[in-house]
Amino acid sequence: MAQSQPPWVVSRFEAARQAEQRGDYRDAAVTYQAIIKRYPLAEAYSNLGLDYFRLKEFRLAVQVFRDGLKLKPDMLGAQLFLGLSEYSLGNFKGSAESLLSVLKVDGNNQQAWLYLIRSQAAMGQFSLLDGQTAIKMFPGSPELDYSVGAAGLDQIRLIAHEAKQMGPSSPAFLWIALREAEVKGDSLRVAHIRSQIEQAGATTPPAAVDRYDQLTSLVHQCFENTLEGAPQSPYAHRIRGQIYEAQGSDQEALREYRAGGDHFAAGRLLAQDLQFKDAETDLDAAIADDPLNRLASALLAQVYVKEHSAGKALPILQSLLREYPEDAYAWADLGKTQAQLGQNQEAVKSLRKALELDPSMNELRYVLAITYRNLGQEDLSKEQMRAFREHNKKDPNRSGGMGSGNDDTGKATADSHEAR
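As the structure is a computational prediction, the values presented were derived from the model and not from experiment.

The rules we used
- Residues numbered from 1 in each chain as written.
- Predicted model: local features only at pLDDT ≥ 70, side-chain atom pairs only at ≥ 80, totals over all residues.
- Heavy atoms only, no water.
- Salt bridge = Lys/Arg side-chain N within 4 Å of Asp/Glu carboxyl O.
- Helix = DSSP H or I, 4+ residues; strand = E, 2+ residues; numbered from the N terminus.
- Buried < 20%, exposed > 50% of the residue type's maximum accessible area, 1.4 Å probe, protein only.
- Axes fitted to C-alpha atoms, helices over the stretch in contact; angles between N-to-C directions.
- Parallel < 35°, antiparallel > 145°, perpendicular 65-115°, else oblique.
- Left-handed = near helix turned anticlockwise from the far one by under 90°.
- Contact = heavy atoms within 4.5 Å.
- Nonpolar A, V, L, I, M, F, W, Y, C, P; charged D, E, K, R; others polar.
- Expected span 1.5 Å × (residues − 1).
- pLDDT = per-residue confidence, 0-100.
- Core = buried A, V, L, I, M, F, W, Y, C linked by side-chain atoms within 4.5 Å.
- Phe/Tyr/Trp six-rings, centres within 6.5 Å; stacked < 30°, edge-to-face > 60°.
- Lys NZ or Arg CZ within 6 Å of the ring centre and 35° of its normal.

## Focus on the pattern of salt bridges
Phase 1: In the structure shown here, the tally under the stated rule is 21 salt bridges.
Phase 2: A salt bridge links R22 to D27, with the nearest nitrogen and oxygen atoms 3.4 Å apart.
Phase 3: Here D213 makes a salt bridge to R179, at a shortest N to O gap of 2.7 Å. Placement of D213 in helix 12 (residues 207–229) and of R179 in helix 10 (residues 171–184) is noted, with a sequence separation of 34 residues between them.
Phase 4: By relative accessible area, D213 is classed as partly exposed at 24%.
Phase 5: Classification of R179 as buried rests on a relative accessible area of 17%.
Phase 6: Because the salt bridges share partners, they merge into one network encompassing R17, E20, D51 and R54.

## Structural notes on unusual backbone geometry
Phase 1: The phi angle at K56 is positive, at roughly 65 degrees, despite the residue not being glycine.
Phase 2: Inspection of the secondary structure puts K56 in the loop between helix 3 (42–54) and helix 4 (58–71).
Phase 3: The backbone of H308 sits at a positive phi, close to 60 degrees, despite the residue not being glycine.
Phase 4: When you line up the elements, H308 lands in the loop between helix 17 (294–306) and helix 18 (310–323).
Phase 5: A relative accessible area of 62% places H308 in the exposed class.

## Remarks on the packing of helix 1 (residues 7–21) against helix 3
Phase 1: It is at 12 Å that the axes of helix 1 and helix 3 come closest, and there the two elements cross at 20 degrees. As judged from the angle between their axes, helix 1 and helix 3 are roughly parallel. For the element pair helix 1 and helix 3, the recorded crossing hand is left-handed. Contact with helix 1, carried on its side by F13, R17 and E20, involves E43, A44, N47, D51 and R54 of helix 3 and no other residues of that element.
Phase 2: The residue inventory of the contact of helix 1 with helix 3, partitioned by class, reads two nonpolar, one polar and five charged.

## Observations regarding helix 12
Phase 1: The end-to-end C-alpha separation of helix 12 is 33 Å, in line with the 33 Å expected for 23 residues at 1.5 Å each.
Phase 2: Where helix 12 is concerned, the buried positions are V209, Y212, L215, L218, V219, C222, F223 and T226.

## Observations concerning the environment of Q18
Phase 1: Structurally, Q18 can be placed in helix 1.
Phase 2: Between the C-alpha atom of Q18 and that of A28, which follows or precedes it by ten residues, the distance is 8.0 Å.

## Quick notes on the environment of S187
Phase 1: Structurally, S187 can be placed in helix 11 (residues 187–200).
Phase 2: Note: C-alpha distance between S187 and L341 (154 residues apart in sequence) is 54 Å.

## Here we look at the confidence of the model for the protein chain
Phase 1: Summarising the model, the protein chain shows a mean pLDDT of 90, and 93% of its residues fall at 70 or more.
Phase 2: Confidence, expressed as mean pLDDT per element, reaches its minimum in the protein chain at helix 22 (residues 378–394) with 89 and its maximum at helix 3 with 97.
Phase 3: Counted against residues more than four places away or in other chains, residues 398–420, with its pLDDT under 50, gives 84 contacts.

## Concerning the side chain of T226
Phase 1: By the element assignment, T226 lies in helix 12.
Phase 2: Look past the residues within four positions of T226 in its chain and what remains in contact with it is P142, D145, Y146, P231, S233, Y235, A236 and I239.

## Things to note about the nonpolar core
Phase 1: Counting 52 residues, the largest nonpolar core has L99, F126, V148, I197, L218 and F223 as the members making the most contacts within it.
Phase 2: Element by element, the count of residues in this core is highest for helix 9 (residues 142–166), at nine residues.
Phase 3: Ignoring sequence-local partners within four residues, the contact set of V148 consists of I117, F126, G131, I135, L218 and C222.

## Notes on the packing of aromatic side chains
Phase 1: Applying the stated criterion across every chain, the model contains eight aromatic pairs.
Phase 2: Taking the centre distance of 5.1 Å and the plane angle of 75 degrees together, the rings of F53 and F81 count as edge-to-face. Residue F53 is located in helix 3, and its partner F81 is located in helix 5 (residues 76–88); the two are separated by 28 residues in the primary sequence.
Phase 3: Ring geometry for Y146 against Y235: centres 5.7 Å apart, planes inclined by 35 degrees, an arrangement best described as tilted. In this pair, Y146 sits in helix 9 while Y235 sits in helix 13 (residues 234–246), placing the two residues 89 residues apart along the sequence.
Phase 4: For Y235, a relative accessible area of 17% translates into the label buried.
Phase 5: Through successive ring pairs, a cluster of aromatic residues spans F53, F58 and F81.
Phase 6: Between R38 and the ring centre of W8, over which it is positioned, the NZ or CZ distance is 4.0 Å.
Phase 7: When the ring centre of Y115 is taken as origin, the NZ or CZ atom of R118, which lies over that ring, is 5.0 Å away.

## What to know about the environment of D273
Phase 1: In this fold, D273 is placed in the loop between helix 15 (263–272) and helix 16 (276–289).
Phase 2: Overall, D273 belongs to the partly exposed group, its relative accessible area being 29%.
Phase 3: Considered as a pair, D273 and D250 are 23 residues apart in the sequence and their alpha carbons are 8.7 Å apart.

Following this line, the structure appears as structure tokens:
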């Protein structure tokens, strides 16, 4: 801070800095607040925002950083921590914008690159070029390698899902199936799929498959870097856990996740294996480690619904829906929870809201039919049962909804645990 400020400002500012050195961020924040009430010092805003960030009071941090940047737009530290604060609040678009502003000035800021990648991943908008650039600029960073690799893996899964939706005769489906057969070393299936590709006249891979190949190469590079360069890091344990899980070796995967301190992944796997009590323990630990991990909260609520512990699920789901009012899966679980509690009128509203947001969750029509029956509304019950059966004929492989074993947790999953 420049010494041209009034003496009282210099004195108060120094007192706040001393409080920070003691680790007393609350006392420092009070002192900075006293300064900016009387004197609009940009550096006091920036430091106050940083203290709020340290105290995990991210909404206050965002507001203070923004006010400080209005006074002095070139404060890169404030811009960086504004991006990190936005990320912590789940505002990934705002986070990415702030971090890109930092990188335009300081392209070597590793923290900005890391959280830009994580924000992109949380939005499902991972940039292959950004990922390639980041790991090239900072070789030997297991945290960055893992984050880029996890973001790339999410995109690979998305491409594979979209190819599946196109149908088994589509070029994208055939080429992705070929890639998967090649990875498994299934030479007979490889030959069969190549024959299908030739018959379909699709001998040139579609653009989505080119991207799939580039992403696969990047993920392999990132994960190999992590496993070889930092084999005992939490990130290496997560990668080995994912490998074991993909192989169906759930106990080994669980051991690796826990060794890496990844309680969320452990809880998710246990819930998937219907070990709900153990899943609850790990998810509680994940939330204790990171109270802002909305994905862990959403999955814990899902576990409670499956355990018929409606009283525990209700407040979690209500809190999630205040933040994510367009989350169809949270509305679905809320409806099931209300039905378990006998709140049938409220359950109908929640279930219908979930179906309005995502009509593909056919299982909810069955739940609605039962709920209407409990209300004595037989005509509506029969209508929903007919709709359920009709949709089931069209797509018998998709039951939809959390309670049927679908472990997606809707838009709340934007707070991807990998991103944190």
